[in-house]
Amino acid sequence: MRQQAAAWLNHYTRLWDLVPEGESFFTHTSLLRPVRFMGTPAIIKISMEEEERRGARLMQYWNGRGAASVLKYSENGLLLERADDFPGSVLTRMSSGGADDEAAGILCRVAARLHSVKEDPPSFLVPLSDWFRDLGPAAGKRGGVLKESAQAATELFS
């Protein structure tokens, strides 16, 4: 799987005329590499799992409306705008510096913007109720934090 991802990375680097800026790296689901695209900082992501490919399609759906802008998209490759100091690192510093409320406020505003997109949600999305389907039975067997989580999920889904 990793060899195929590396082959796709090389393919899209040539096809989209990307200039590498740093080493590529693997996560448990993807291969990423910081690049420049037409002089703009970007990152290319090659997804190795179907769920990540759905995520790439969702990024294309949002396309900058609360999420990074998609510069190029293909079934196997996603090229996103890249911030030099990505927001997650800023939020981590804010939170660890005692500004939890401000960091949470930023996250809430981003979530609100993502959910304000007026088009119908993409049909390929997996409903949250499907993701949480096994939580109730697990909570019944194990209790504790799983029970609290199941109660919270039920309340939020309603």
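Residues numbered from 1 in each chain as written. Predicted model: local features only at pLDDT ≥ 70, side-chain atom pairs only at ≥ 80, totals over all residues. Heavy atoms only, no water.

**So, the side chain of S30**
This is how it is decided: By the criteria applied, helices consist of DSSP H or I runs no shorter than four residues and strands consist of E runs no shorter than two, each listed in order from the N terminus. Contacts described as polar in this section are N or O atom pairs within 3.5 Å, which, within protein, must combine one atom able to donate a hydrogen with one able to accept it, while residues neighboring in sequence count only if both atoms come from side chains. By the convention used here, residues are in contact when the closest approach between their heavy atoms is within 4.5 Å.
Residue placement: S30 occurs in strand 3 (residues 30-37). One polar contact links S30 to T29, side chain to side chain, over a distance of 3.2 Å. Setting aside its immediate chain neighbours within four residues, S30 contacts F25, K45, I46, S47, M48 and E52.

**Some points on the packing of aromatic side chains**
Note the cut-off: Here a Phe, Tyr or Trp ring, Trp counted by its six-membered ring, pairs with any other such ring whose centre lies within 6.5 Å, and the pair is stacked when the planes are under 30 degrees apart, edge-to-face when over 60, and tilted otherwise. Relative accessibility decides the category of a residue: with a 1.4 Å probe and only protein chains considered, values under 20% of the type maximum give buried, values over 50% give exposed, and everything between is partly exposed. We call a charge positioned above a ring when the Lys NZ or Arg CZ atom is no farther than 6 Å from the ring centre and deviates by at most 35 degrees from the ring normal.
Under the counting rule described, the total for this entry stands at 3 aromatic pairs. A centroid spacing of 5.6 Å and a plane angle of 20 degrees characterise the contact between W8 and Y12, whose relative ring orientation is stacked. Here W8 pairs with Y12, and both are found in helix 1 (residues 2-15), just 4 residues apart, close to one helical turn. The buried category is assigned to Y12, whose relative accessible area is 3%. Members of the aromatic cluster, joined through ring pairs, are W8, Y12 and W16. When the ring centre of F26 is taken as reference, the NZ or CZ atom of R2 above it lies at 4.1 Å.

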